[in-house]
Amino acid sequence: MRILLVEDERRLHDALVYILEKENYVVDSAYDGEVGESKALSGIYDVIVLDWMLPKQDGIDILKSIRDNKIHSYIIFLTAKDTIEDRVMGLDGGADDYLIKPFSKNELLARIRALSRRVTTEIVEHQLIKIGNIVLDVRRCEYSYSMGYAERLTLQETQLLEYLITNKNQVLSKEQILDKIWGFEKDVEIGIVELYIHYLRKKIDMDKAGIEIKTIRGVGYTLLEVSYED
């Protein structure tokens, strides 16, 4: 599970990264509101741990931006603001949980585990994705035509196809795709996105599948569901 930690207090930040990585979570970091918002809007995170009081932009504005952009990451507010009014504002603004500083590391981990169970449930429910004339089996890393045998995909090809399908008719930039599939911290070049789009186009008969992966020149790609006439 991938977590974004937006926290400007360096000692607390470093301690939390250590704790989370020890629990085998993948953690990306931001020390101010502007960077935190930019990373959050990539949509690649399962859980965002978000401080309220941040340099450049505060957490409540970041929360509003995340929800306005239809990003469905689970969000835990981590803050010293402890009045009932503050909690109501955070939860009504779209946060899924609210933890007041100082806090126990065990309580934070328990709350993240609770949210991760929701993530796992969603993944199980969406293991089979149908679009056009194909069904993508995310767990098995394979797809099949409506009437035919299954074809294998690599893990990255499966993740890329799933990302395109779940955002069909939307233009995804190469940068968004790179961040989603390979992560911010991976030492890979943007050209890998073009390469894996090529792999998908080569492996899948788009006419038979009833889909099209369209290149938007200078931007990225979009997946369309289409019907081809004989």
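Residues numbered from 1 in each chain as written. Predicted model: local features only at pLDDT ≥ 70, side-chain atom pairs only at ≥ 80, totals over all residues. Heavy atoms only, no water.

Student: Whenever I open this one, the sheet that holds strand β2 (residues 26-30) confuses me. Can you help?
Tutor: Neighbouring strands of a sheet are bound in pairs by backbone hydrogen bonds; such pairs are parallel or else antiparallel. With parallel pairing, five strands are arranged side by side in an open sheet as β2-β1-β3-β4-β5. Edge positions in the sheet fall to β2 and β5 (97-100), since each of these pairs with one other strand and no more. Averaged over all adjacent pairs, the angle separating strand axes in this sheet is 20°, with direction ignored. As paired elements, strand β4 (residues 74-79) and β5 share four bridges and run parallel to each other. Directly across from Leu78, in β5, lies its bridge partner Leu99. Helix α4 (residues 84-92) rests against β4 and β5 of the sheet, and its axis sits at about 145° to β5. (Pairing = 2+ DSSP bridges. Helix = DSSP H or I, 4+ residues; strand = E, 2+ residues; numbered from the N terminus. Axes fitted to C-alpha atoms, helices over the stretch in contact; angles between N-to-C directions. Contact = heavy atoms within 4.5 Å.)

Student: Which parts of the structure should I look at to understand the sheet that holds strand β10 (residues 172-173)?
Tutor: The three strands lie next to each other as β10-β12-β11, forming an open sheet whose pairing is antiparallel. Only two strands of the sheet have a single partner each, and these edge strands are β10 and β11 (211-216). With two bridges connecting them, β10 and strand β12 (residues 220-225) associate as antiparallel partners. Paired with Leu172 across the bridge in β12 is Tyr221. Each of β11 and β12 touches helix α8 (residues 191-203); the most contacted strand, β11, lies at about 155° to it.

Purely geometric numbers; function is a separate question.
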